[in-house]
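Each chain is listed here by its residues.
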Amino acid sequence: MSTPTVRHFLVDTDLTQAEQAEVLDLAAAMKSDRYGYRPYAGPQTVAVFFDKTSTRTRVSFAAGITELGGSPLVINAGESQLGHKESISDSARVLSRMVSTIVWRTYAQAGLEEMAAQSDVPVVNALSDDYHPCQLLADLLTIREHKGALAGLSMAYLGDAANNMANSYLLAGVTAGMDVRIAGPEGYLPDEAVVTAARARAAETGGSVTITTDAAQALSGADVVATDTWVSMGQEDEKAQRVELFGAYRVDEAAMAHAADDAIVLHCLPAYREYEIAAEVIDGPQSVVWDEAENRLHAQKALMAWLMAASGQAEVAGIGDGARR
Ligand code: CP
Ligand code: NVA
């Protein structure tokens with residue numbers, strides 16, 4: 001029998017529509033049987049690196065790895081040789097011999113790609129400058145819980161449409177067969193390469209893509225409304241100009257009037273009330289942000305278990321061929 005290829009999750013489109021649905025189904029199963037899955041039994045160790053700060057990602061990965069029978073090793077910026085005193089490729093070779101999965105929050109997407117290229121164990125993007133794919137698995141799980149099936153739903157994202165969340169809403173949304181509308185000011189819209197990848201994926205799934213500077217157009221009848229900070233980690237010096245630029249894309253009651261009456265509101269958090277989202281909306285009845293935050297735990301547990309099973313490195317009922325390394 002040939003050795004299965006190691007599966008990584010660096011960008012939302014690394015999972016096909018069917019695979020994404022399999023991960024979300026597994027997440028729902030894990031949510032209702034929280035301590036019933038132990039693909040990291042041993043305990044096996046998972047290395048979790050943070051080059052940027054975090055609350056949700058750090059806690060949900062640490063708790064999730066423990067609940068899967070493993071042991072999380074959280075390594076903060078400046079605590080390892082990775083990337084400054086030792087190449088990413090050499091680090092990947094060393095880590096692969098010691099841990100069962102590598103989770104990394106970093107700046108450049110290219111670093112994650114270099115890590116994955118040399119790693120014999122799954123590598124997971126825990127946020128880069130370009131994508132936040134784990135967040136989107138949690139968001140899709142939340143939308144499914146509140147709206148049922150994902151395909152055919154419309155989802156509007158407003159604000160900094162050139163950031164990691166905008167890119168991931170676009171790619172993960174169309175992978176699920178959704179009608180994704182992204183709205184932001186000129187100069188802060190998704191890169192052409194991301195839009196091209198999204199349109200290609202949408203053609204396979206029946207999803208669709210709208211990129212616009214018109215917030216009302218994006219919001220029109222939307223089932224899901226999402227936003228994110230206007231000042232991402234690393235952009236703090238640009239705060240004044242960004243607040244000026246993105247004002248027309250605030251998710252407030254006036255914006256929500258364009259969406260469907262039963263629309264739900266997502267925000268990956270941390271949120272800055274009265275900037276990208278009004279308190280009346282994030283703290284109002286349409287907001288599902290606390291479910292969304294909790295679902296980071298369940299979605300990432302499912303993702304890690306799925307990657308291990310699909311890579312032939314663990315047994316998880318119903319996933320892959322169940323081969324154990
Ligand atoms: N949403 C999110 O990734 O939050 P943290 O930055 O707190 O991990
Ligand atoms: N776009 C934000 C997401 C935070 C979870 C950032 O990169 O800072």
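Further up the page is the structure itself.
A. Fine view of the site of ligand 2. As a matter of local geometry, ligand 2 sits amid Leu127, Asn163, Asn164, Asp228, Thr229, Ser232, Met233, Cys268 and Leu269. In the model, a nitrogen atom of ligand 2 is placed 2.8 Å from a nitrogen or oxygen of the Asn164 side chain. Here a nitrogen atom of ligand 2 and a side-chain polar atom of Asp228 are 2.6 Å apart. For ligand 2, whose accessible area on its own is 270 Å², the fraction buried by protein is 93%. For the shell around ligand 2, a count of residues per class yields four nonpolar, four polar and one charged.

B. Focus on the packing of helix H6 (residues 164–175) against helix H7 (residues 192–205). Axis separation between H6 and H7 bottoms out at 8 Å; the angle between their running directions is 15 degrees. Considering the angle they form, H6 stands roughly parallel to H7. In this structure, the crossing between H6 and H7 has a hand that is left-handed. Taking contact as the criterion, the partners of Asn167, Leu170, Leu171, Val174 and Thr175 in H6 are, on H7, Val194, Val195, Ala197, Ala198, Arg201, Ala202 and Thr205. In terms of residue class, the contact of H6 with H7 is made up of eight nonpolar, three polar and one charged.

Quick notes on the rules
- Residue positions within a chain follow its written sequence, with the count starting from 1.
- Just so you know, chain letters begin at A and ligand numbers begin at 1, following the order they were written in.
- Local features are withheld for residues below a pLDDT of 70 in this predicted model, meaning they are given only at 70 or higher, and side-chain atom pairs are given and counted only at 80 or more; totals for whole chains, interfaces and linings count all residues.
- Values shown for side chains rest on all heavy atoms present in the structure; no hydrogens or waters enter the calculation.
- To be near a molecule or strand, a residue needs just one of its heavy atoms within 4 Å of it.
- Residues adjacent in sequence count toward polar contacts only when both atoms are side-chain atoms; beyond that, a polar contact is any pair of N or O atoms within 3.5 Å, and within protein one must be able to donate a hydrogen and the other to accept it.
- Computed with the Shrake-Rupley method and a 1.4 Å probe, the accessible areas treat only the protein chains shown as cover for residues.
- Side-chain classes are defined by residue name, with Ala, Val, Leu, Ile, Met, Phe, Trp, Tyr, Cys and Pro counting as nonpolar, Asp, Glu, Lys and Arg as charged, and the others, Gly among them, as polar.
- To obtain an axis, a line is fitted to C-alpha atoms, over the contacting stretch when the element is a helix, and the angle between two such axes runs from 0 to 180 degrees between their N-to-C directions.
- In DSSP terms, a helix is any run of H or I states spanning at least four residues, a strand is any run of E spanning at least two, and both are numbered starting from the N terminus.
- An angle counts as roughly parallel when it lies under 35 degrees, as roughly antiparallel when it exceeds 145, as roughly perpendicular when it falls between 65 and 115, and as oblique in every other case.
- The hand of a helix crossing depends on one turn: near helix anticlockwise from the far one by less than a right angle means left-handed, and clockwise means right-handed.
- Residues count as neighbours in contact if any of their non-hydrogen atoms are within 4.5 Å of one another.

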